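So the chains spell out like this:
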Amino acid sequence: MSTSASASRSNQDRFDPNSTTRLPPGYAYTGGLFATLQLFDGFQRLATLRASSATEDAASAGLVNQRYQTTLATQQAFFTALADGEFVRVAEAQVQRAKEELQIAVNKFQAGAATRSDTLTATVDLGNARLALLQAQANLATGQASLGRQIGIDQPVKAVPDSTFPELPDTTALRSSALATAPLVSQADALARAARAQTWSARSQYWPSFSVSYNNSRTGISSPNLPLFNGYPETFSWRFSLSWTLFNGFGREQNQVAASVSRDVAEAQAADAHRLVNAQLTQQLAALFTAYTQISITQANVAAATEALRVQQERYRLGASTLLDLLTAQANMTQADVNQVSARYNYLIARAQVEALVGHPL
């Protein structure tokens, strides 16, 4: 629908069309309204509507997928900062143990029960522990800065752990729901529906089109004898038109083949998205169960390493073992603490990855 209006003025005298009276220069006005409606377009509008609806669904699924991917990146930065804080605690405990061992070695050396080599070795071990602490503190500062950047804060952010540790979720019906509602699957399926609708839109070119149009116009002049906007005769018309393209140089066939190929590609990508989600879910669930099992194993390892270190410290104090045995026990203790921290946060990260894949919290 459109409308138009115009006004013009000439410096030439005119004659009244209804008489022989000569009229002075004046204005001529024209106004019009034009409307057209396509009654039938070979079902192209319906196909376009379906394609637009499917494209909107794909965009919504893509938004959900992007939201969970951003959430996953934030959780990974958060858990990394938490793990770095735990590693600092482990390094501080390592430094404290190294100080105690150095003091024991010095006391034994002064009592003549140890050699100078023991004190030098203990001093080197304390230096290595302090270096490990500095590295852990640097990693913590980096992790806190990365977390602040991830959440849009221009300074390092300290991560505070939850009061409760999440238990292993129930994943009995998780696979079937993920293959039906995962954002990646929903987006691929919606794009496939849009591609199928585009093939129907391409086929609409084989159908005729039928439309109706209406045109209304008024034209008049203004002069001292004819007041403004009076005496404007109306002219209107209705038009019904039928258009049918019989041949366009195989352009329709080319569009149809291109739309069919795009549909096949979209359907293949949708099927691959199902398989990808299935494979990734299998991988992430295996990592989730493995990390959760490792938590209890590392707890037992920490308990065993703690007891072994206590025994070696007492044996070295009594002269029943060497400093090398004590340092080995201390290294095993530190590694057990590191493994425990890694297992806990590997489990949390694996849980976040599953949530990002399925598109809802567990």
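See the structure above.
Note that the structure is predicted; figures quoted are calculated from it, not measured.

**Some details on the nonpolar core**
Across soluble globular proteins, nonpolar side chains have a tendency to be buried as a group.
At step 1: One finds Leu281 and Tyr345 to be the most contacted residues of the largest nonpolar core, which totals 29 residues.
At step 2: Sorting the residues of this core by element identifies helix H1 (44-110), helix H3 (174-181), helix H5 (251-318) and helix H6 (323-358) as the ones contributing at least two each.
At step 3: The element contributing the most residues to this core is H6, with 10 residues.
At step 4: Discounting residues that sit within four places of it in the chain, Tyr345 has contacts with Phe79, Leu82, Ala83 and Glu86.

**A word on the pattern of salt bridges**
Pairs may arise between side chains of opposite charge once their charged atoms sit close together.
At step 1: Under the definition given, this model contains 6 salt bridges.
At step 2: In this structure, Arg89 and Glu86 form a salt bridge, with 3.1 Å as the shortest nitrogen-oxygen distance. Here Glu86 and Arg89 lie together in helix H1, a separation of 3 residues that amounts to about one turn.
At step 3: With relative accessibility at 41%, the residue Arg89 sits in the partly exposed group.

**Looking at unusual backbone geometry**
One can expect most non-glycine residues to show negative phi and most peptide bonds to be in trans.
At step 1: Unusually for a residue other than glycine, Phe43 sits at a positive phi of about 65 degrees.
At step 2: When you line up the elements, Phe43 lands in the loop between strand S4 (27-40) and H1.
At step 3: Here Phe250, not a glycine, exhibits a phi torsion of approximately 60 degrees, which is positive.
At step 4: Structurally, Phe250 is set in the loop between strand S6 (234-243) and H5.
At step 5: By relative accessible area, Phe250 is classed as exposed at 55%.

**Looking at the packing of helix H4 (residues 183-203) against H5**
At step 1: Their axes nearest at 8 Å, the elements H4 and H5 cross at an angle of 165 degrees. Comparing the axis directions of H4 and H5 gives the class roughly antiparallel. In this structure, H4 crosses over H5, and the sense of that crossing is left-handed.
At step 2: The residue inventory of the contact of H4 with H5, partitioned by class, reads 13 nonpolar, 8 polar and 5 charged.

**Focus on the layout of surface pockets**
Empty pockets left among the atoms are what a rolling probe the size of a water molecule brings to light.
At step 1: Looking at the largest pocket, its volume works out to about 230 Å³.
At step 2: If you trace the largest pocket, you find 15 residues lining it, with Phe79, Asp162, Thr164, Pro166 and Leu348 closest to the centre.
At step 3: The set of elements that each furnish at least two residues to the lining of the largest pocket consists of H1 and H6.
At step 4: Ranked by residue count, the leading element in the lining of the largest pocket is H6, at 6 residues.

**Considerations on the environment of Ser117**
At step 1: Mapped onto the elements of the fold, Ser117 is located in helix H2 (residues 116-150).
At step 2: Judged by relative accessible area, Ser117 falls into the partly exposed class, the value being 43%.
At step 3: A C-alpha to C-alpha distance of 9.4 Å links Ser117 and Ala105, two positions 12 residues apart in sequence.

**Quick word on a nonpolar patch on the surface**
At step 1: There is a patch of nonpolar side chains on the surface, built from Leu37, Leu39, Phe210, Phe236, Trp238, Phe240 and Leu242 and spanning about 800 Å² of accessible area.
At step 2: Mapped onto the nonpolar patch, the elements with two or more residues apiece are S4 and S6.
At step 3: No other element matches S6, which puts 4 residues into the nonpolar patch.
At step 4: Summarising the element assignment, Phe240 is placed in strand S6.

**A closer look at the side chain of Thr334**
At step 1: Mapped onto the secondary structure, Thr334 falls in helix H6.
At step 2: For Thr334, a relative accessible area of 11% corresponds to the buried category.
At step 3: Not counting the four nearest positions on each side in its chain, Thr334 is found in contact with Val90, Gln94 and Arg97.

**Section: the packing of aromatic side chains**
At step 1: By the definition in use, this model includes 11 aromatic pairs.
At step 2: Where Phe79 meets Tyr345, the ring centres are 6.5 Å apart and the plane angle is 40 degrees; that geometry is what we call tilted. Of this pair, Phe79 sits in helix H1 while Tyr345 sits in helix H6, and the two are 266 residues apart along the sequence. Residue Phe79 shares its accessibility class with Tyr345, and that shared class is buried.
At step 3: In textbook terms, an aromatic cluster arises when at least three aromatic residues are bridged by ring pairs, as seen for Phe40, Phe43 and Trp207.
At step 4: We note Arg203 situated over the ring of Trp200; from NZ or CZ to the ring centre the distance is 4.8 Å.

Scoring rules and cut-offs
- Residues numbered from 1 in each chain as written.
- Predicted model: local features only at pLDDT ≥ 70, side-chain atom pairs only at ≥ 80, totals over all residues.
- Heavy atoms only, no water.
- Core = buried A, V, L, I, M, F, W, Y, C linked by side-chain atoms within 4.5 Å.
- Buried < 20%, exposed > 50% of the residue type's maximum accessible area, 1.4 Å probe, protein only.
- Helix = DSSP H or I, 4+ residues; strand = E, 2+ residues; numbered from the N terminus.
- Contact = heavy atoms within 4.5 Å.
- Salt bridge = Lys/Arg side-chain N within 4 Å of Asp/Glu carboxyl O.
- Axes fitted to C-alpha atoms, helices over the stretch in contact; angles between N-to-C directions.
- Parallel < 35°, antiparallel > 145°, perpendicular 65-115°, else oblique.
- Left-handed = near helix turned anticlockwise from the far one by under 90°.
- Nonpolar A, V, L, I, M, F, W, Y, C, P; charged D, E, K, R; others polar.
- 1 Å grid on protein atoms, 1.4 Å probe; cavity = no way out; pocket = protein on both sides within 12 Å on 5 of 7 lines; lining within 4 Å.
- Points joined across faces, edges and corners; volume = space filled by probe spheres on them.
- Patch = residues over 30% accessible without salt bridge, like charges linked within 9 Å, V, L, I, M, F, W, Y side chains within 5 Å.
- Areas by Shrake-Rupley, 256 points an atom, 1.4 Å probe, with all protein chains shown as cover.
- Phe/Tyr/Trp six-rings, centres within 6.5 Å; stacked < 30°, edge-to-face > 60°.
- Lys NZ or Arg CZ within 6 Å of the ring centre and 35° of its normal.

Geometry only, nothing functional implied.
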